[in-house]
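If you want the building blocks of each chain, they are given just below.
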Amino acid sequence: MLIAADKFKGSLSAAEVAEHVAAGIRRARPETAVTALPVADGGDGTVDAAVAGGFEPVEVEVTGPLGLSVAARFALRGRTAVVEMAQAAGLSLLPPSTFAPMTATTYGTGELIAAALDAGATRIILGVGGSATTDGGAGMLTALGARLLDEDGDPIPWGGAPLRELTSADLSGLDPRLKDTEFVLASDVDNPLTGPQGAASVYGPQKGADPLEIEILDGALTHFTEVLARAEGSRVEELAKAPGAGAAGGIGFGALLGLDAAFRPGIEVLLEVLGFREALAAADVVITGEGSLDEQTLRGKAPAGVAAEARAAGKRVLAVCGRLALDERALAGAGIEAAYPLSALESNPSRSMDEAGPLLERVSAQLAEERLK
């Protein structure tokens, strides 16, 4: 049995999910050999999954989304680093019930990248998702040496809205080590930077932006690309339309332009880095899952990626989750034989999240009794 599940957001990390699933399986089928390989798709929890998979954590102090210092970490193994932008610019770093869609910055993500370079990394996987920001990666680029100036020649303030004040951009001062480093932009979304399917329009509401603020942010990002195009040429507008440019408030665009990053689906990258195929070869059955199995899961989330790889290898796939919003046909289409939600045992979402560990052990025992015969 190979457990390759993502976190249950707000309740359990991917590693904790694996622990509870393993405990439930062993309770019902003690003879079962269980291996855990926590996974992630590039969003929050990516560094935790890398550390659980054998990378070393590196602790640093960086600038958070509101401009205050926060504790963050990246994962390092050899010359490969896994940097999670949510560690420096994530929604989870904001105070409860607080949003800052207009001013939140990715500056700390640039500081994380610089720290990874200082540690000797020559390949950096930049996992993006769960961001509080919509600044097009401007903060990240500034931290790495870019100059983004207003009409008075002063640096523009942090955040997405101040991009409207941008009059000149100069990327020539970017850290020279970037050119000798391979960057992979790992994301589960392929939106462009601007427009109806862009960063502000699609993801702005999640960050607390109202309709007027979304319009302002989309216009600011459009202006950002226009100013950059005058400095860097027509490739800027092409990159703004590229898949992944709108990821995590547009930091995808900043990575494609300033880091020359290659965009790849986050779960594909993480499975490769964590050695999933090697672990899969030794397994008969795979258990995957996340907090909510729903339509979003099918659009590149971790369980869908795990199931696709496992199905291609001829392995059975089962799933656990907090909430199940997919019918049997949708599950089968994704390569999942059956799913076991915590909501089948506890219908109250708040209690289900509070008691996720014990409930997960119970549904995993049920799974083992019914499916591992």
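Cut-offs applied
- Starting from 1, residues in each chain are numbered consecutively following that chain's sequence as written.
- Only residues with pLDDT of 70 or above have their local features reported here, since the model is predicted, and side-chain atom pairs are shown and tallied only from 80 upward, although totals for entire chains, interfaces and linings are computed over all residues.
- The side-chain figures draw on all heavy atoms in the structure; neither hydrogens nor water molecules are used.
- The numbering of helices and of strands both runs from the N terminus, where a helix is a DSSP run of H or I of at least 4 residues and a strand a run of E of at least 2.
- Values of the radius of gyration come from C-alpha atoms, whereas the globule rule sets the reference at 2.2 Å times the count of residues to the power 0.38.
- Remark: exposure states derive from per-residue accessible area (1.4 Å probe, protein chains only) relative to the maximum for the residue type, with buried under 20%, exposed over 50%, and partly exposed in between.
- The Shrake-Rupley method, run with a 1.4 Å probe, gives the accessible areas here. Residue values count only the displayed protein chains as cover.
- Each pair of strands is called paired provided DSSP finds at least two bridges between the two strands.
- Joining through side-chain atoms within 4.5 Å is the link that ties buried Ala, Val, Leu, Ile, Met, Phe, Trp, Tyr and Cys residues into a set, and such a set is a nonpolar core.
- Contacts are assigned to residue pairs that have any heavy atoms within 4.5 Å of one another.
- A pocket, in this scheme, is an open set of points on a 1 Å grid over the protein atoms alone with protein on both sides within 12 Å along at least 5 of 7 lines, while a cavity is a set where a 1.4 Å probe fits but cannot get out; residues line either one if an atom lies within 4 Å of a point.
- Grid points are joined across faces, edges and corners, and a volume is the space filled by probe spheres set on the points.
- Put simply, Ala, Val, Leu, Ile, Met, Phe, Trp, Tyr, Cys and Pro go in the nonpolar bin, Asp, Glu, Lys and Arg in the charged bin, and everything else, Gly too, in the polar bin.
- For this analysis, a polar contact is any N or O atom pair within 3.5 Å, provided that within protein one partner can donate a hydrogen and the other can accept it, and provided that sequence-adjacent residues contribute only side-chain to side-chain pairs.
- Every axis in this analysis is a line fitted to C-alpha atoms, fitted for helices over the stretch in contact. Angles between the N-to-C directions lie between 0 and 180 degrees.
- What a helix should span is 1.5 Å times the count of its residues minus one.

## Side note on the overall build of the protein
Item 1. The helix and strand inventory of the protein stands at 15 helices and 13 strands.
Item 2. Taking 2.2 N^0.38 as the reference for a compact globule, 373 residues should give roughly 21 Å; the C-alpha atoms of the protein span a radius of gyration of 21 Å, in line with that estimate.
Item 3. For the C-alpha atoms alone, the extent of the protein along its principal axes is close to 70 × 45 × 35 Å.
Item 4. Here the protein holds 373 residues, and the buried ones make up 58% of them.
Item 5. Total accessible area on the protein is roughly 15,100 Å²; 49% of this is exposed by carbon and sulfur atoms.

## Description of the pairing of strand β6 (residues 123-127)
Item 1. Burial analysis of β6 places five of its five residues in the buried class, the great majority of the element.
Item 2. Neither face of β6 is open: one carries R123, I125 and G127, the other I124 and L126, and all of them are buried.
Item 3. One ladder, built from five bridges, connects strand β5 (residues 80-84) with β6; its direction is parallel. Note on β6: the bridge partner recorded for T80 is R123.
Item 4. Both β6 and strand β9 (residues 182-187) contribute to a ladder of five bridges, which runs parallel. Bridge pairing links I124 to F183 in β9.

## Some words on the nonpolar core
Item 1. Formed by 60 residues in total, the largest nonpolar core has its most connected members in F74, I113, I124, M140, F253 and L259.
Item 2. With seven residues, helix α9 (residues 247-258) is the largest single contributor of residues to this core.
Item 3. In contact with L259, not counting residues within four places along its chain, are I113, L126, M140, L144, L178, F183 and G254.
Item 4. Membership of the second largest hydrophobic core comes to 36 residues, among which are V39, V184, V273 and A334.

## Focus on the environment of A132
Item 1. Within the secondary structure, A132 is located in the loop between β6 and α5 (138-143).
Item 2. Along the primary structure A132 and A89 are separated by 43 residues, whereas in three dimensions their C-alpha atoms are 6.0 Å apart.

## A few points about the layout of surface pockets
Item 1. If you add up the space inside the largest pocket, you get close to 1,200 Å³.
Item 2. Contributing to the lining of the largest pocket are 47 residues, with K9, D41, D188, Q296 and K301 lying nearest its centre.
Item 3. Every element with two or more residues in the lining of the largest pocket is listed here: α9, β10 (262-265), β11 (285-293), β12 (316-324) and α14 (349-354).
Item 4. For the lining of the largest pocket, the per-class residue count stands at 13 nonpolar, 20 polar and 14 charged.

## Some thoughts on the side chain of D294
Item 1. If you trace the backbone, D294 turns up in the loop between β11 and α12 (302-312).
Item 2. Judged by relative accessible area, D294 falls into the buried class, the value being 18%.
Item 3. Only 2.9 Å separates the side chain of D294 from the side chain of S292, close enough to count as a polar contact.
Item 4. Polar contacts involving the side chain of D294 include one to the main-chain amide nitrogen of Q296, which spans 3.0 Å.

## What to know about the sheet that holds strand β4 (residues 69-77)
Item 1. One open sheet accounts for six strands, arranged β3-β4-β5-β6-β9-β10; its pairing is mixed. Among the strands making up the open sheet, the edge pair consists of β3 (56-63) and β10. When strand polarity is set aside, the average angle formed by the axes of neighbouring strands in this sheet is 30 degrees.
Item 2. Bridging between β9 and β10 involves four bridges; their strand directions are parallel.

## So, empty space enclosed by the protein
Item 1. This structure, assessed with the given rule, holds one cavity of 30 Å³ or more.
Item 2. Taken as a whole, the largest cavity spans an internal volume of roughly 40 Å³.
Item 3. Taken together, L293, T297, L298, P303, A304, L326, A330, L331, A334 and I336 form the lining of the largest cavity.
Item 4. The set of elements that each furnish at least two residues to the lining of the largest cavity consists of α12 and α13 (328-333).
Item 5. Residues that form the lining of the largest cavity fall into these classes: nine nonpolar, one polar and no charged.

## Here's the deal with the pairing of β3
Item 1. Of the pairings in the sheet, the one linking β3 to β4 comprises eight bridges and is antiparallel in character. Across the sheet, the residue bridging to P57 is A75, located in β4.
Item 2. Between β3 and the antiparallel strand that follows it, β4, lie five residues; G67 among them carries a positive phi value of about 95 degrees.

## Here's the deal with helix α15 (residues 356-371)
Item 1. With 16 residues, α15 should reach 22 Å at 1.5 Å per residue; the first-to-last C-alpha distance of 21 Å fits that figure.
Item 2. Residues A356, G357, L359, L360, E361, V363, S364, A365, L367 and A368 constitute the buried set of α15.
Item 3. Contacts from the buried residues of α15 go to α1 (14-28), β11, β12, β13 (338-341) and α14.

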